[in-house]
Amino acid sequence: MTGTTSIGIRVNGEDFEREVEDRLTLADFLRSELRLTGTHLGCEQGSCGACTVLLDGSAIRSCLVFASQLTGAEVTTVEGLANQADLHPLQSAFIKNDALQCGFCTPGFLLTAVEILNETDHADESTIREAISGNICRCTGYQGIVDAIVEVARSGSER
Amino acid sequence: MKAEEFVRGQGQYLADLPDQDCLHVAFVRSPHAHARVGEIRAPESSALIAICTGADLLADISPFRVIAPGHLDYDWYPLAHDRVLFVGEPVAAVVAETPYIAEDLAAEVEVEYDPLDAVTTLDESITGGTVLHAELENNVLFNLPVNEGATADTFAAAHLVVEQEFEYPRQNALPLETRGVLARFDPRDQRYTVFTSTQMPHLIRSALSQILNVNEDDIRVIKPDVGGGFGLKGQLFPEEVVLPALARKLGRPLKWIEDRRESLMAGGHAHEERLHLSAAFDADGNLLATKSLLDGDAGAHSTFPFGAGLDPLTGALNIFGAYRHKASEFTARAFATNKAPAVSYRGVGQIQSVFAVERLMDIAADQLKLDPAELRKLNLYENSEFPVTSPGGNEFDTGSYRETLEIALDRADYTGLRREQETAREEGRLYGIGLATFNEVSGVSIFGYDGASIRIGPDGQVRAFISTGSSGQGHEKVYGRLVAEALGISPELVRVIEGDTDFCPVGAGTYASRSMVTTGNLLESAARELRDKILMIGGLLLSPDDLIPMENAANELRIADGVISLVREPTATVTFEAVAQLAHMKNFDFPLPQELVEAGLECTHYEQHKTVYSNSSAVAAVEIDPDTAQFSIRRCVIIGDCGRIFDSSTVDAQLVGGAAMGLGCALFEHLAYDSNGQILTTSLLDYLVPVSTDIPQIEIGHLETPSTFSANGTKGMGEGGTMAMPAVLANAVADALMDKGRLLNKIPLSEENIFQLLQIS
């Protein structure tokens with residue numbers, strides 16, 4: 001058993017105060033403490049990108065960060081993308097372009113894509129292909145994912 | 001809609017199931033490839049709730065035998081009880097309040113091992129100095145010779161015999177979601193509920209009932225959302241036994257989620273095989289006879305249900321399947337080694353045999369001084385020849401073997417590519433073109449039949465229960481539409497329910513590209529039967545004195561968009577919902593005759609489906625950089641034919657996604673062991689799979705030659721793209737290497753392997 005730390009963290013716009021074990025990863029904190037199970041763990045080695053979330057606006061692997069380090073931080077997970085009934089444009093584009101099959105990698109790709117759209121104006125296909133190359137999808141062959149992000153980048157309708 | 005759930009992060013995969021009342025399990029795994037297990041000492045810790053060793057578990061389970069045809073049986077135990085046979089084999093299970101603590105404690109368990117010699121290669125296993133299973137005489141786990149001696153005369157008289165040995169490496173299907181189990185035991189009704197990330201809930205239930213010594217009905221197996229399977233989740237694993245057994249013993253629900261290291265080490269390997277092929281040709285290039293020896297490295301155990309022979313047998317049964325020839329003999333064997341047990345992985349058996357056969361065809365074309373395309377066209381079955389019984393004994397339904405090749409060649413501009421190659425060669429560049437064409441076993445029904453059941457409720461809500469389950473194939477969308485179209489109603493009224501043994505009909509599950517062929521057909525026939533009954537009831541409402549017999553219902557009545565009418569008087573209508581209500585609830589003004597009340601609005605169909613054969617052809621062009629031994633893919637075309645296409649976007653997605661996975665198989669995927677049987681690839685930094693920047697543009701197309709063996713004309717379509725890639729890329733790389741390419745006989749097409757070929761003087 002390791003020590004514990006009190007943290008105050010904002011997740012998807014809501015503030016949480018929790019006492020967490022020092023070694024608890026952000027991914028496990030989100031999943032087990034907050035029951036936000038949309039953040040998936042595919043490797044816990046930082047290699048697959050499934051657990052990608054936005055930490056203060058940057059796409060990071062939540063399996064490689066400890067929750068205890070994150071007092072004052074702001075985190076966005078896949079659950080924070082949609083507005084109740086309204087899907088985020090990326091979520092709609094993923095459905096439309098067959099960018100998912102089993103859906104396990106999808107939350108990580110969506111958060112990576114949000115960062116691409118936030119950081120790059122009019123990202124083209126090769127930029128997008130490069131930017132998502134840290135996320136693994138075993139089902140689709142990536143084409144649908146690339147097409148979906150390209151579509152949203154072109155429409156400029158990202159938030 | 002599943003896709004919307006998934007993009008919202010609302011999918012419920014195994015790790016996401018409610019687990020507030022669960023204890024957590026971690027496994028102590030062997031660090032040795034082969035060792036005698038001595039004393040096991042638990043850590044002294046108040047956090048340790050329980051530890052269970054192989055010996056402890058014997059009190060609660062029966063040893064299990066994998067009974068598959070042609071297999072040599074021996075007792076299998078989920079936890080090693082006297083010896084460990086591979087690195088990663090579970091030795092003990094540790095239970096604690098959290099997964100973190102369980103893993104801490106598992107690391108503190110001390111196990112005495114007495115290391116033994118490890119068998120790590122096929123040759124060591126065949127030589128048999130060390131025999132792994134005491135009940136067996138040698139390391140042969142499976143051996144099936146077919147048509148022995150049947151080709152000797154043809155080979156002796158042939159104009160040309162080509163012969164070559166090929167190697168295919170050990171690979172891991174690597175679904176992004178690892179495996180996991182959550183098991184509960186309810187003492188009130190003495191029932192187990194086992195949630196598991198599987199492709200085959202009913203077969204898991206059958207195995208568990210034998211191992212746990214309880215009735216099948218005392219076990220409910222549930223498959224939640226599954227984050228990819230690709231064959232890997234199509235067998236019984238030790239953890240699926242240990243968790244329910246311990247949950248009962250401890251009186252607490254238990255959860256275990258595999259980590260990636262465990263998965264790469266012990267979560268199911270596949271594909272490793274050596275193939276020795278010979279083919280006899282006449283002077284014109286006609287294939288006369290083939291002879292094949294396929295030896296699979298099965299790892300330490302036969303796995304349930306398919307057994308150790310899965311890869312070599314599947315490959316051998318249909319080897320050279322696309323090519324017309326008169327005589328074939330083959331032997332499929334599987335050998336035990338001190339590696340993780342072999343399981344299925346997309347392209348089972350055939351990804352290896354297609355690679356080897358297609359290489360051999362190119363080698364033969366070279367010796368016959370024929371263009372590889374011409375040699376193939378000469379020998380591929382023509383569409384008009386079907387149905388065909390192959391010399392290996394397979395009945396092929398229909399196909400467009402030669403036609404897909406011609407279309408692929410045309411689409412890729414084969415003559416243009418050859419011209420480009422000429423120019424490249426003049427400039428000293430290593431540019432190669434490869435072809436691959438093959439047929440694909442699909443819809444295989446072994447180990448059980450399949451079932452589909454449709455139940456329409458009093459409010460007209462339709463539920464379709466099936467025995468196959470999705471792990472990303474889009475069953476909910478495809479089958480929802482299929483049932484709705486057959487019933488003549490809106491897809492919004494249909495819910496597809498799968499993966500729960502308490503509700504779904506018994507069946508073999510999802511593997512071998514079989515779901516659309518088996519449950520797709522069954523759903524359609526069950527829906528049609530219910531539609532006719534609904535039409536009869538509707539007809540009675542529209543014309544109360546006139547009960548139309550069922551055989552005439554579809555002719556005299558119509559249903560479209562949920563509205564029923566008489567053909568002879570289309571203006572009067574009644575709704576599907578009104579009929580559904582009338583079928584369930586007695587209307588005093590309008591009681592139905594008993595013949596229409598009976599059986600309600602429920603229909604269940606079962607069948608054993610005949611194997612159907614899809615086919616595909618691929619063309620690729622590559623250029624090798626002689627300095628780095630890397631190659632780039634300049635062109636890649638795949639034309640598939642999976643019979644009737646019901647949902648084109650799903651079919652496209654399977655073909656493209658399958659090809660991307662096949663690219664990984666061709667280029668990177670290789671589970672490596674050292675000579676002591678220590679696995680070297682236990683992270684995604686060592687075991688590489690394709691990322692977005694690795695995938696070239698893959699051009700696809702389809703022909704639709706309906707199967708005559710399936711009522712709906714469909715054939716399997718999940719694996720053709722995968723199988724195509726090692727073969728077509730190997731041929732392209734070999735072609736680029738010219739004379740040196742003749743010796744290209746192994747996958748992966750890694751820089752290391754290509755570099756070795758470049759060094760040949």
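Residues numbered from 1 in each chain as written. Chains lettered and ligands numbered in written order. Predicted model: local features only at pLDDT ≥ 70, side-chain atom pairs only at ≥ 80, totals over all residues. Heavy atoms only, no water.

Asker: I'd like to hear about the overall build of chain B, residue by residue, with values.
Answerer: Scanning chain B from N- to C-terminus turns up 21 helices and 30 strands. The C-alpha extent of chain B, read off along each of the three principal axes, is 95 × 70 × 50 Å. Scored against the burial criterion, the 761 residues of chain B give a buried share of 64%. For chain B, contacts bridging at least 24 residues in sequence account for 80% of all contacts bridging at least 6. Of the roughly 27300 Å² of accessible surface on chain B, 48% is carried by carbon and sulfur atoms. Of note, chain B has its 59 positive side-chain charges centred 2 Å away from the centre of its 108 negative side-chain charges. (Helix = DSSP H or I, 4+ residues; strand = E, 2+ residues; numbered from the N terminus. Buried < 20%, exposed > 50% of the residue type's maximum accessible area, 1.4 Å probe, protein only. Contact = heavy atoms within 4.5 Å. Areas by Shrake-Rupley, 256 points an atom, 1.4 Å probe, with all protein chains shown as cover. Lys, Arg positive; Asp, Glu negative; His and termini not counted. Charge placed at Lys NZ, Arg CZ, Asp CG, Glu CD.)

Asker: Give me the lowdown on the sheet that holds strand β7 (residues 90–96) of chain B, citing residues and values where you can.
Answerer: Residues and elements named next belong to chain B. In spatial order, the strands read β3-β7-β1-β14-β11-β12-β13; together these 7 strands make up an open sheet with mixed pairing. Of all the strands in the sheet, the pair left with one neighbour each is β3 (50–53) and β13 (219–222). Strand-to-strand, the axes of this sheet are offset by a mean angle of 20°, without reference to chain direction. As paired elements, β3 and β7 share 4 bridges and run antiparallel to each other. Paired with A50 across the bridge in β7 is V95. Strand contacts of helix α3 (residues 99–108): β1 (23–29) and β7, with the helix running at about 25° to β1, the strand carrying the most contacts. Each of β1, β3, β7, β11 (180–186), β12 (191–196) and β14 (254–257) is contacted by helix α7 (residues 238–250), which is oriented at about 30° to β11, the strand it contacts most. (Pairing = 2+ DSSP bridges. Axes fitted to C-alpha atoms, helices over the stretch in contact; angles between N-to-C directions.)

Asker: Can you break down the interface of chain B and chain A residue by residue, with the values?
Answerer: Each partner contributes to the interface: chain B provides 52 residues, whereas chain A provides 46 residues. Interface of chain B and chain A: buried area, both sides summed, is about 3800 Å²; carbon and sulfur atoms make up 56% of it. Considering only the surface of chain B that becomes buried against chain A, B:V7, B:Y100 and B:L176 emerge as the three largest contributors, covering 21% of it. Seen at the junction of chain B and chain A, the total is 4 salt bridges. A salt bridge links B:D19 to A:R35, with the nearest nitrogen and oxygen atoms 3.5 Å apart. Between the two partners, chain B and chain A, sit 24 residue pairs in polar contact (both at pLDDT 80 or more). At the level of elements, α1 (2–7), α3, α8 (260–266) and α19 (648–667) of chain B are the ones that each hand at least two residues to the side of chain B that touches chain A. The element best represented in the side of chain B that touches chain A is α19(B), accounting for 7 residues. Considered class by class, the residues forming the side of chain B that touches chain A number 26 nonpolar, 15 polar and 11 charged. (Buried area = accessible area lost by both parts, 1.4 Å probe. Salt bridge = Lys/Arg side-chain N within 4 Å of Asp/Glu carboxyl O. Polar contact = N/O pair within 3.5 Å; in protein donor to acceptor, adjacent residues only side chain to side chain. Nonpolar A, V, L, I, M, F, W, Y, C, P; charged D, E, K, R; others polar.)

Asker: I'd like a rundown of the pairing of strand β3 (residues 52–55) of chain A, residues and numbers included.
Answerer: Residues and elements named next belong to chain A. What you see with β3 is no split at all: T52 and L54 on one side and V53 and L55 on the other are buried throughout. In this sheet, strand β4 (residues 58–61) lies alongside β3 in antiparallel orientation, the contact comprising 4 bridges. Directly across from V53, in β4, lies its bridge partner I60. Direction of pairing for β3 relative to strand β5 (residues 74–76): antiparallel, over a ladder of 2 bridges. Looking at the pairing, L55 lines up with V75 of β5.

Asker: Describe in detail the nonpolar core, supporting the description with residues and values.
Answerer: Residues A:F94, B:L277, B:F281, B:F631 and B:L729 are the most contacted members of the largest nonpolar core, which totals 171 residues. Residues within four places of B:F631 in sequence aside, it is in contact with B:V622, B:E623, B:I624, B:L667, B:L729, B:V733, B:L749 and B:I754. Counting 47 residues, the second largest nonpolar core, distinct from the first, contains B:I548, B:I564, B:V574 and B:A583. (Core = buried A, V, L, I, M, F, W, Y, C linked by side-chain atoms within 4.5 Å.)

Asker: For unusual backbone geometry, give the residues involved together with the corresponding values.
Answerer: Along the chain, B:F386 connects to B:P387 via a cis peptide bond; the corresponding omega equals 0°. For B:P387, the location among the structural elements is in the loop between α11 (372–379) and β18 (388–389). At A:H122, a position not held by glycine, the phi torsion is positive, near 50°. On the secondary structure map, A:H122 appears in the loop between α3 (106–119) and α4 (125–131). Under the relative-accessibility criterion, A:H122 is labelled exposed at 67%.

Asker: I'd like to hear about empty space enclosed by the protein, residue by residue, with values.
Answerer: Residues and elements named next belong to chain B. By the definition in use, this model includes 7 cavities of 30 Å³ or more. Counted as a void, the largest cavity has a volume near 180 Å³. For the lining of the largest cavity, the class distribution of residues is 14 nonpolar, 5 polar and 3 charged. Taken domain by domain, the lining of the largest cavity gets at least three of its residues from each of domain 1 (2–116 + 179–257) and domain 2 (273–443 + 611–758). (1 Å grid on protein atoms, 1.4 Å probe; cavity = no way out; pocket = protein on both sides within 12 Å on 5 of 7 lines; lining within 4 Å. Points joined across faces, edges and corners; volume = space filled by probe spheres on them. Domains from an automatic or database assignment.)

Asker: I'd love a proper account of the packing of aromatic side chains, names of residues and values included.
Answerer: Two aromatic rings are characterised by how far apart their centres lie and by the angle between their planes. Residue and element names in this part refer to chain B. One pass over the full model with this rule turns up 15 aromatic pairs over all chains. An angle of 85° between the planes, with centres 5.5 Å apart, marks the rings of F27 and W256 as edge-to-face. Of the two residues, F27 sits in strand β1 while W256 sits in strand β14, which places them 229 residues apart along the sequence. Neither residue differs from the other here; F27 and W256 are each classed as buried. Aromatic rings pair up to connect Y381, F386, F396, Y401 and Y613 into one cluster. Of note, R179 hangs over the ring of F237, and the distance from its end group to the ring centre comes to 3.8 Å. When the ring centre of F646 is taken as reference, the NZ or CZ atom of R481 above it lies at 4.2 Å. (Phe/Tyr/Trp six-rings, centres within 6.5 Å; stacked < 30°, edge-to-face > 60°. Lys NZ or Arg CZ within 6 Å of the ring centre and 35° of its normal.)

Everything listed is a geometric property; what it means functionally is a separate question.
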